[in-house]
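Coordinate inspection notes
Chain by chain, the residues run as shown.
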Amino acid sequence: MDFSKATSGMTANEVVFEINRGARFVVFQYCFSLLIMTFKRSSSVQLVKPGESAVVKGLPFTAFSLIFGWWGIPWGFIYTPQVIYKNLKGGVDITPLVLARLQQPPPPPAPRAN
C-alpha cells in the first residue's frame, strides 16, 4: 500500500507529530458494476487531519458507488451497501499500518550494473 501521496512533503517526524495530534490515515472503498461483474476497490491512502471530517472526504467514493455500484447482479446489491456503510463510518483506518511502515528501515540500494 502506497501512502507517499498522502504524506508528500512530510518527513517521518512530521507524520508522527500529526498522528499524535489526532490525524488518521484512511482508505475509502468504492464499487462499480457492469451487469454481471462488480468490482470493489479501495482508494489511495488519505490523510485526515484533526478537525477534518473523514465522512466528507469519503463522499466522492460514496457518491460514485451510489451511482455505479448497484448495476451488477447479484454482487452490486451486496457490495454497494457495504461500501457506503464503511465510508459513512469514516473509512478504514490504516494508521497503525502506516506507522509500522514508517519504522521499517529503507531497503538497501540496488547493486550497480557494470
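This text gives an overview of the structure that appears in the document. (Residues numbered from 1 in each chain as written. Predicted model: local features only at pLDDT ≥ 70, side-chain atom pairs only at ≥ 80, totals over all residues. Heavy atoms only, no water.)

Structural notes on the environment of Ala12
The line we're drawing: The helix and strand labels rest on DSSP assignments: H or I over at least four residues marks a helix, E over at least two residues marks a strand, and numbering proceeds from the N terminus.
Note that Ala12 resides in helix H1 (residues 12–21). Separated by 49 residues in the primary sequence, Ala12 and Phe61 have C-alpha atoms spaced 28 Å apart.

Side note on the nonpolar core
The criterion, for reference: We define the nonpolar core as a collection of buried residues of types Ala, Val, Leu, Ile, Met, Phe, Trp, Tyr and Cys that are connected through side-chain atoms lying within 4.5 Å of one another. Residue exposure (1.4 Å probe, protein chains only): buried if accessible area is under 20% of the type maximum, exposed if over 50%, otherwise partly exposed. Should any heavy atoms of two residues lie within 4.5 Å, those residues are counted as being in contact.
Ranked by size, the top nonpolar core spans 11 residues in total: Phe3, Ala6, Val15, Ile19, Ala23, Phe25, Val27, Val45, Leu47, Ile94 and Val98. Listed by contribution, the elements that provide at least two residues to this core are H1 and strand E1 (24–27). Beyond its immediate stretch of four places on either side in the chain, Phe25 contacts Ala6, Thr7, Val15, Ile19, Val45, Gln46, Leu47, Val92, Asp93, Ile94, Thr95 and Val98.

Quick word on a nonpolar patch on the surface
Just so we agree on the cut-off: Each patch is assembled from residues with relative accessible area greater than 30% and no salt bridge, linking like charges that lie within 9 Å and nonpolar side chains (Val, Leu, Ile, Met, Phe, Trp, Tyr) that lie within 5 Å. Each accessible area is a Shrake-Rupley result for a 1.4 Å probe, and residues are judged covered by the shown protein chains and nothing else. Salt-bridge detection follows one rule: a side-chain nitrogen of Lys or Arg within 4 Å of a carboxyl oxygen of Asp or Glu.
A contiguous nonpolar patch, built from Phe64, Leu66, Ile67, Phe68 and Trp71 and spanning about 510 Å² of accessible area, is present on the exposed surface. One can find Leu66 in helix H2 (residues 54–68).

Re H1
Note the following rule: In this context, the arc is that of the directions from the helix axis out to the C-beta atoms.
Taken together, the buried positions of H1 are Val15, Glu18 and Ile19. Viewed end-on, H1 has its buried residues packed into an arc of 100°, placing them on one side of the element. Residues of H1 that are exposed and angled more than 90 degrees away from the buried face: Asn13 and Asn20. Considering only its buried residues, H1 is in contact with E1 and helix H4 (95–103).

Details of the pattern of salt bridges
Applying the stated criterion across every chain, the model contains three salt bridges. Among the ionic pairs, Asp93 bridges to Arg24, the shortest N-O distance being 3.8 Å. Of the two residues, Asp93 is situated in strand E5 (residues 92–93) and Arg24 in strand E1; the sequence distance between them amounts to 69 residues. Ionic pairing is found between Glu52 and Lys57, a salt bridge with its closest N-O pair at 3.5 Å. Here Lys57 falls in the partly exposed class, since its relative accessible area comes to 30%.

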